[in-house]
Amino acid sequence: MEILLKDALDVFYVPIFMKKNRPAYKLSVILNKEKENLIVENIFKYSTSIGIRKYDVERKVLKREQKILNTSLGDVNVKFITINNEKIPRIEYESLKEVAIKNKISLEKAYNLIMKEI
């Protein structure tokens, strides 16, 4: 997953059962076409897979603006997405986790405190 995330937009896997009830994982990789060959090569190189099914999908993304906000808990990375001309904050998980640990509070409490300041 870490190797693929260097070049992919996102990577996730789900436990599944294959034929004859063999346990396995379904690996899903969202990528830009120009990185496809490199990602396919890495899947074959670093996994036990001997075949890949590929599907083209359409991706919709929201307009976003990234900012670092100084809060009472510390600096936090926030993406502001735009929906119908309304800017909505989305706190970056890693940033939220970092300030929660630093302040010895739960993620939920850190989130609620920061959202009150935005």
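Residues numbered from 1 in each chain as written. Predicted model: local features only at pLDDT ≥ 70, side-chain atom pairs only at ≥ 80, totals over all residues. Heavy atoms only, no water.

Novice: Explanation requested: the overall build of the chain in the structure shown.
Specialist: Of regular secondary structure, the chain possesses 4 helices and 5 strands. Taken from the N to the C terminus, the helices and strands of the chain come in the order α-β-β-α-β-β-β-α-α. For the chain, the C-alpha radius of gyration of 19 Å lies well beyond 13 Å, the compact-globule estimate for 118 residues. Among the 118 residues that make up the chain, the fraction classed as buried is 21%. For the chain, restricting intrachain contacts to residue pairs at least 6 apart in sequence, the fraction spanning at least 24 positions comes to 24%. When the accessible area of the chain is evaluated, it comes to approximately 9800 Å², of which 52% is carbon and sulfur surface. In the chain, 23 side chains carry a positive charge and 16 a negative one; their mean positions are 5 Å apart. (Helix = DSSP H or I, 4+ residues; strand = E, 2+ residues; numbered from the N terminus. Rg over C-alpha atoms; globule rule 2.2 N^0.38 Å. Buried < 20%, exposed > 50% of the residue type's maximum accessible area, 1.4 Å probe, protein only. Contact = heavy atoms within 4.5 Å. Areas by Shrake-Rupley, 256 points an atom, 1.4 Å probe, with all protein chains shown as cover. Lys, Arg positive; Asp, Glu negative; His and termini not counted. Charge placed at Lys NZ, Arg CZ, Asp CG, Glu CD.)

Novice: Looking at this model, I keep getting lost on the pattern of salt bridges. Mind explaining?
Specialist: Side chains bearing opposite charge may pair, as long as their charged atoms lie close to each other. Summed over the entire model, instances satisfying the criterion amount to 9 salt bridges. Ionic pairing is found between Lys79 and Glu92, a salt bridge with its closest N-O pair at 3.3 Å. With Lys79 in strand S4 (residues 74–83) and Glu92 in the loop between strand S5 (86–91) and helix H3 (93–103), the pair connects residues that are 13 residues apart, well separated along the chain. A salt bridge links Lys97 to Glu94; its shortest N-O distance comes to 3.6 Å. In this pair, Lys97 and Glu94 both sit in helix H3, 3 residues apart, roughly one turn of the helix. Residue class for Lys97 comes out partly exposed when judged on its relative accessible area of 31%. By sharing partners, the salt bridges in this structure join Lys33, Glu36, Lys54 and Asp56 into a single network. (Salt bridge = Lys/Arg side-chain N within 4 Å of Asp/Glu carboxyl O.)

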